[in-house]
Amino acid sequence: MAVERLTSDDYPHPPMRRLRVYAFDPQASIELDSAVINDAVIALPWESAWEDPLEIGPVNDYVEVIDYDPACGVFYAPVDLNHPVLLAQDGLPPSEGRPQFHQQMVFAVVMRTIRTFERALGRPVLWAGVPDFRGPDRNFTKRLRIYPHALREANAYYSPAKRALLFGYFKAQAAPASADAVIAADDGHWVFTCLSQDIVAHETTHAILHGVYRRSVNASNVDSLAFHEAFADIVALLQHFSLTQVVEHQISRSRGSLRVGNLLTGLASQFGHATGRQGALRYALETIAAEGAAPGGVATLADTREPHARGGILVAAIFDAFVTIYERRTADLFRIAGAQLAGGGVLSPDLVARLANEAAKAADHVLRMCVRALDYLPPVDTRFGEYLRAIITADNDLVADDPMRYRVAMVEAFRKRGIAVPGSISMAPDSLLWEDPDPRDWPAAPEALTELFGDLLSTLILDAQFGRRFPAGARANAAYVPQTGSRRNLRELTMQITDYNQACIHDWLNTASDARDRPEWEALLGIKLLPDPADRAINTWEADDPEVKANRRTAGMPRVEVHSARVARRTGPDGQDVQQLVVQLLQKRRGYFSDADQALATAGDRAALGDRWARPDFWFRGGATIHIDLRDGRLRRVIRKRIDNDRRLAEERAFLTGNAMGRAVRGADAGAAAAAASVAAEPFAFVHRSMG
């Protein structure tokens, strides 16, 4: 009698894939106090029917782990996370000496960070595309590559050029003799950056932020790369509080306080020790503690010009706001437990669990506030004050009522550190909201704004449905093929739809229109849509461009780039919803270090500039982030950085000529041209090495 054999598809799949990791890094496992909490498990959603299955590597829809060690010339065998032996024990146990565990850990932490962003943004995470962006096509990289053993050096970084995360490994430096010096150079101990949760989350955040903002990797002011570094630190820090067992352990030791230095408030402890520091690489509370001890009080942004130190001030502001929110959420618990606290005894397990739960909720709320704000930033030249406005506006749009005064706590933390908000009349939260477009600025027909964008929306695809057929003649990316047969991949479909929408908006903006080719329209978007006799330095379509030769563009008309056209659907804690189309428009203008050369470019004197017309000293960029409400087609918000802002042009010129970071980016010093090219291609490798 034949016995029917069932396949894996005949059984219900588990809801989560559980993978073992270090909660912090291997060092925490050799210290008795922290060893009990350092073995952690990350639970990731099991692959859905609309995702490709997880493959050996690991490889999935988002990432591809490639474990090649160039220093040894070896490919390490890839781990199979679907092997029954590994499924039965939540993956491999933590091990510094097993490359397959290294692969497992980077995969788990990267995917957890991706899921955190997707919950906050309300859409899939997409990786940035080709480095030289020239139009709406070829705009995404399908998978981020991860190299756990790419470098034999004390570094790890996201490579915009390779679209990859590169992790290094190295021998620890000799540490001064002290009780805190756990690692010595002569013990032969190797440090693997891919085994630090903080470092992996930090580098993943760089990659995600680059995917959201294509030009965020270009240093245009002192805050540009400092913001990238600070934001990555914020994500890594706040993700600590999702590890329940760890939070309970540390809160019990600190008697409920989060204003003390410990594993929760530091980053990359093993890396810090191994590179000669007496503690974590960075402590969130270092700046706060220094502020309290300094004679002048709180350190302000105006007192700090070095990018890393400026980033530290931003991290301190966010972390200070988080701790304040936690303290407000737990004030009643501390009042109830007053006698227990006054006695100096150990906190009860029930109280510790409640405090840890409140810390986790507060951290998750603040992290979502910080991530949602990315859609509310201008597309270029971000400043810290603008990030505060983005946080406040994004939170207000989704959660209008703020009974716990989270937004006030955030504003207060920024205000104490002198983080200015340009264009705001006060630091009250309602004064920091980005302004809605004023229909009175469109005197001929105020309703024209809604009608124009309504016409645009009718040409776009705003939902992801399998079996979707794109309109005939649509210039969708050839790399995205229609999904046929039984295979259905929602993320690939999202890429294809986003690419199609960008192409539609690109055509819409770069095609002459009586309705759009008006001064009011240019003032609204902060870009040029018609040739400007007063400034011919704006980048325009050239006669030999393939688009012009194909009669799709007109020579001499300003070029407009569309860097994003993504649908965001977010849900608030009480069922509130926000449905937006987020569009990023950019334009570039020739910039020169010499006032005389800038004047020649403004006059359009190509002959006088010669080859330097096509290769200016730098490209100055402007544009706008646009929010369109999908429920009624209304233009909700335009967040501008004007292309014709001469003051901002002068500030960027001063940064590139007078600031150490700016000079390094452009290779201003003797013999630095090759190094500048390297910095431009790998800005995070440069920034991380300069922190040593």
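Before reading on, note that the structure itself is shown above.
Fair warning: this is a prediction, and the values are worked out from it, not measured in the lab.

Draft legend 1. Spatial organisation of the pairing of strand E8 (residues 144-151). Within E8, seven of the eight residues are buried, which leaves the element mostly enclosed by the surrounding structure. Where strand E3 (residues 63-65) meets E8, three bridges bridge the pair, whose relative direction is parallel. Following the sheet pairing, Val65 is matched in E8 by Ile146. In the sheet, E8 pairs with strand E10 (residues 164-171) via four bridges, with the strands oriented parallel.

Draft legend 2. Broad picture of the pairing of strand E9 (residues 156-159). By the alternation rule, side chains of E9 split into Ala156 and Tyr158 and Tyr157 and Ser159, which are all buried. With four bridges joining them, E9 and E10 adopt antiparallel strand pairing. Looking at E10, one finds that Ser159 is bridged to Ala164. Hairpin geometry of E9 and E10 is characterised by an intervening segment of four residues between the two adjacent antiparallel strands and by a positive phi of about 55 degrees at Arg163.

Draft legend 3. Region of the structure containing the pattern of salt bridges. On inspection of all chains with the given rule, the structure shows 46 salt bridges. The closest approach of N and O atoms between Lys162 and Glu682, which form a salt bridge, is 3.5 Å. With Lys162 in the loop between E9 and E10 and Glu682 in the loop between helix H23 (673-681) and helix H24 (683-689), this pair connects stretches of sequence that are 520 residues apart. Here Lys162 falls in the exposed class, since its relative accessible area comes to 51%. The residue Asp545 makes a salt bridge to Arg559 at a minimum N-O spacing of 3.1 Å. Of this pair, Asp545 sits in the loop between helix H17 (519-525) and helix H18 (546-549) while Arg559 sits in the loop between H18 and strand E14 (561-571), and the two are 14 residues apart along the sequence. We classify Asp545 as buried; its relative accessible area is 15%. It is possible to trace a salt-bridge network through shared partners that takes in Asp381, Arg383, Glu386, Lys641, Arg647, Arg648 and Glu651.

Definitions and limits used
- Residues numbered from 1 in each chain as written.
- Predicted model: local features only at pLDDT ≥ 70, side-chain atom pairs only at ≥ 80, totals over all residues.
- Heavy atoms only, no water.
- Buried < 20%, exposed > 50% of the residue type's maximum accessible area, 1.4 Å probe, protein only.
- Helix = DSSP H or I, 4+ residues; strand = E, 2+ residues; numbered from the N terminus.
- Pairing = 2+ DSSP bridges.
- Salt bridge = Lys/Arg side-chain N within 4 Å of Asp/Glu carboxyl O.

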